[in-house]
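Inside the fold
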Amino acid sequence: MKKYNFYAGPSILSQYTIKNTADAILDFANTGLSLMEVSHRSKEFVAVCDEARNLVKELLDVPSTHDTIFLGGGASMQFCMVPYNFLKKKASYLDTGTWASKAIKEAKLFGEVNVVASSKEKNYTFIPKNYTVPDDSDYFHITTNNTIYGTQIHNIPKVNIPLAADMSSDIFSRPIDVSKYDVIYAGAQKNLAPAGVTIVIVRKDALNSTDRPIPTMLNYMTHVEKESMFNTPPVVPVFAALQTLKWYKENGGITAMQKKNEEKAAVLYNEIDRNKLFKGTAETEDRSRMNVCFVMNDEYKELEAEFTTFAVAAGMVGIKGHRSVGGFRASIYNAMPLDSVKALVRTMHDFERQH
Ligand SMILES: *Cc1c(COP(=O)(O)O)cnc(C)c1O
């Protein structure tokens, strides 16, 4: 039976990525060796790394002031690397969910942290909007898409200081103005590649600006200078990332992804709003186009387990909501085809007809 992969992360990848990576695991670039057993300094792999870096630059329009690096440690490692490298005295953060609050916790180890606003009181169902960011902050940290709560920042705040952003679950889903950011980071396992690589885009002239000594591995400059080859990068995930980036390019680039994502999200939210059994959990204007969270309507609460079984029987995988929200979450990242979203909509519709 066809499976529809709605997992939040690790999550769906394009068949192009999976097939090419599987092939390279057997024979990488006609070397007669597996991708898993070649030197990261071989000319074949250096070419992979270079091409991936160049494609990120091309797809996201990364200006020459910025560099792209591939690191290990997950997005969670960036929660400390960002303040380690950029927090001189004070930084501002927007608290929009679990990941944002984890980033805040780490930043407090390095200096004064000013949380400009939080939606925690309402279980992070919305993106706070009316707040001021003090101009004497070294940076303003945002989480552009809140994977767990299904909210997304649709209007990037206009502030007088550099932005720092966790884009783990919506990078490459829409165009961004990289020049506004000192640092952008994203764990690969939501919209790019298997877990193991984190993509980081940093403004070069903002590095080395703190007085504190930074351990070599946690210093962005180390990886910028060595072009992600200071130590062994996660070779297989970087190769897979390159395949996804090529697939993005072949499919019209990031504006085409954005258009497709808007269409998919509209189809699913329309059904959630139309179907008498379900309701969305996030404020309408802040709804995420990547992670769609919904629950049973109050009168139909007792049908939750039954719908779960019904959806599984229809081939839907990974739609159980995160424990802090409950209900359901359908993650519809770039690699998710519109037809799969329509299949979920049909399942919701069929279930409604039975009740
Ligand atoms: C998944 C996720 C993380 C954590 O990523 P790891 O690579 O597991 O550390 C951080 N931020 C956001 C927004 C995420 O979706």
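A few points on the structure. (Residues numbered from 1 in each chain as written. Predicted model: local features only at pLDDT ≥ 70, side-chain atom pairs only at ≥ 80, totals over all residues. Heavy atoms only, no water.)

A cis amide bond links G9 with the next residue in sequence, P10, at an omega value of -10 degrees. Positioned with a positive phi, D61 is a non-glycine residue whose angle comes to about 55 degrees. Along the polypeptide, D61 turns up in the loop between α2 (43–60) and β2 (66–71). Of note in the backbone geometry, S228 takes a positive phi value of approximately 65 degrees without being a glycine. Structurally, S228 can be placed in the loop between α5 (220–225) and α6 (235–250). (Helix = DSSP H or I, 4+ residues; strand = E, 2+ residues; numbered from the N terminus.)

Burial of the side chains of strand β8 (residues 163–166) extends over both faces: L163 and A165 are buried on one face and A164 and D166 on the other. Strand direction decides the pairing type here: strand β5 (residues 140–143) and β8, joined by 4 bridges, are parallel. The partner of I142 across the bridge, within β8, is A165. (Buried < 20%, exposed > 50% of the residue type's maximum accessible area, 1.4 Å probe, protein only. Pairing = 2+ DSSP bridges.)

The strands making up a sheet associate through hydrogen bonds between their backbones, and the pairing can be parallel or antiparallel. The strand order across the open sheet formed by 7 strands is β2-β10-β9-β8-β5-β3-β4, and the pairing between neighbours is mixed. Single-partner strands in this sheet number two, and they are β2 and β4 (112–118). Averaged over all adjacent pairs, the angle separating strand axes in this sheet is 15 degrees, with direction ignored. Summarising the sheet, strand β3 (residues 90–95) and β4 pair through 6 bridges and their orientation is parallel. (Axes fitted to C-alpha atoms, helices over the stretch in contact; angles between N-to-C directions.)

A few words now on the sheet that holds strand β11 (residues 278–280). If you trace the 3 strands from one edge of the open sheet to the other, you get β11-β12-β14, paired in antiparallel fashion. Either end of the sheet is taken by a strand with one partner, and the two such strands are β11 and β14 (328–331). Mean inter-strand twist for the sheet, computed between neighbouring axes without regard to direction, equals 35 degrees. Together, β11, β12 (291–296) and β14 form the strand contacts of helix α7 (residues 253–274), whose direction differs from that of β12 by roughly 15 degrees. (Contact = heavy atoms within 4.5 Å.)

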